[in-house]
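Below are the chains, spelled out letter by letter.
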Amino acid sequence: MDDKALVELAKKARANAYAPYSGFSVGAAVLAADGRVFSGCNIENASYGLTNCAERTAIFSAVAAGARELAALAVVADGELPCSPCGACRQVIAEFAVERIILANLAGKSRVVTKEDLLPFAFSFEEKSLPSD
């Protein structure tokens, strides 16, 4: 599946967003290594800590269906610039090693980034050293 098709699926998922508090609807679609695609939207809650972002909704749907190898993720929102994932989503993207992330807006602007671009020193149980000065 190419990036354009994955972005279109994320746009469709955005239509299901539940965002009565922020009014900011986001859609996401994640491509599993086996070719399956899982979508997600942001789902807000009056208790803001219980809100779930589109990226995590899509990734958690994939994992719940048994897909643990994820190849790409598209995220779409209606802003002047493509929407960048929050910190929690960045950590989940790193946890499942999503290498290709397409950030897009409804106007057709997009950029492709890697998980390292989003979170260069992601939390991990593996021993990692920081670069030296």
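Before going into details, it helps to say that this report is about the structure given with it. (Residues numbered from 1 in each chain as written. Predicted model: local features only at pLDDT ≥ 70, side-chain atom pairs only at ≥ 80, totals over all residues. Heavy atoms only, no water.)

**As for the nonpolar core**
Right, on to step 1. Among the nonpolar cores identified, the biggest contains 23 residues, and V30, I59, L70, L73, I93 and I101 are the most heavily contacted of them.
Right, on to step 2. At the level of secondary structure, the elements contributing two or more residues to this core comprise β1 (26-32), α2 (54-64), β3 (70-77), α3 (87-95) and β4 (100-105).
Right, on to step 3. Of the residues forming this core, the biggest block, 5 residues, is contributed by α2. (Core = buried A, V, L, I, M, F, W, Y, C linked by side-chain atoms within 4.5 Å. Buried < 20%, exposed > 50% of the residue type's maximum accessible area, 1.4 Å probe, protein only. Helix = DSSP H or I, 4+ residues; strand = E, 2+ residues; numbered from the N terminus.)

**Considerations on helix α1 (residues 3-14)**
Right, on to step 1. Taking 1.5 Å of rise per residue, 12 residues should cover 16 Å, and α1 covers 16 Å from first to last C-alpha, within 8% of that figure.
Right, on to step 2. Inspection of α1 places L6, V7, A10, A13 and R14 among the buried residues, and these make up the whole buried set. For α1, the arc enclosing every buried residue in end-on projection is 115°, short of the 170-degree limit, so these residues lie on one face. The exposed set on the far side of α1, more than 90 degrees from its buried face, consists of K4 and K12. (Expected span 1.5 Å × (residues − 1). Arc of directions from axis to C-beta.)

**Observations concerning the packing of α2 against α3**
Right, on to step 1. Between α2 and α3, the shortest axis-to-axis distance is 9 Å and the interhelical angle comes to 30°. Taken as axis vectors, α2 and α3 run roughly parallel relative to one another. Between α2 and α3 lies a crossing of left-handed hand. Together, E55, R56, I59 and F60 of α2 and A88, C89, V92 and I93 of α3 make up the contact between the two elements.
Right, on to step 2. Classifying every residue of the contact of α2 with α3 by side-chain character gives 6 nonpolar, no polar and 2 charged. (Axes fitted to C-alpha atoms, helices over the stretch in contact; angles between N-to-C directions. Parallel < 35°, antiparallel > 145°, perpendicular 65-115°, else oblique. Left-handed = near helix turned anticlockwise from the far one by under 90°. Contact = heavy atoms within 4.5 Å. Nonpolar A, V, L, I, M, F, W, Y, C, P; charged D, E, K, R; others polar.)

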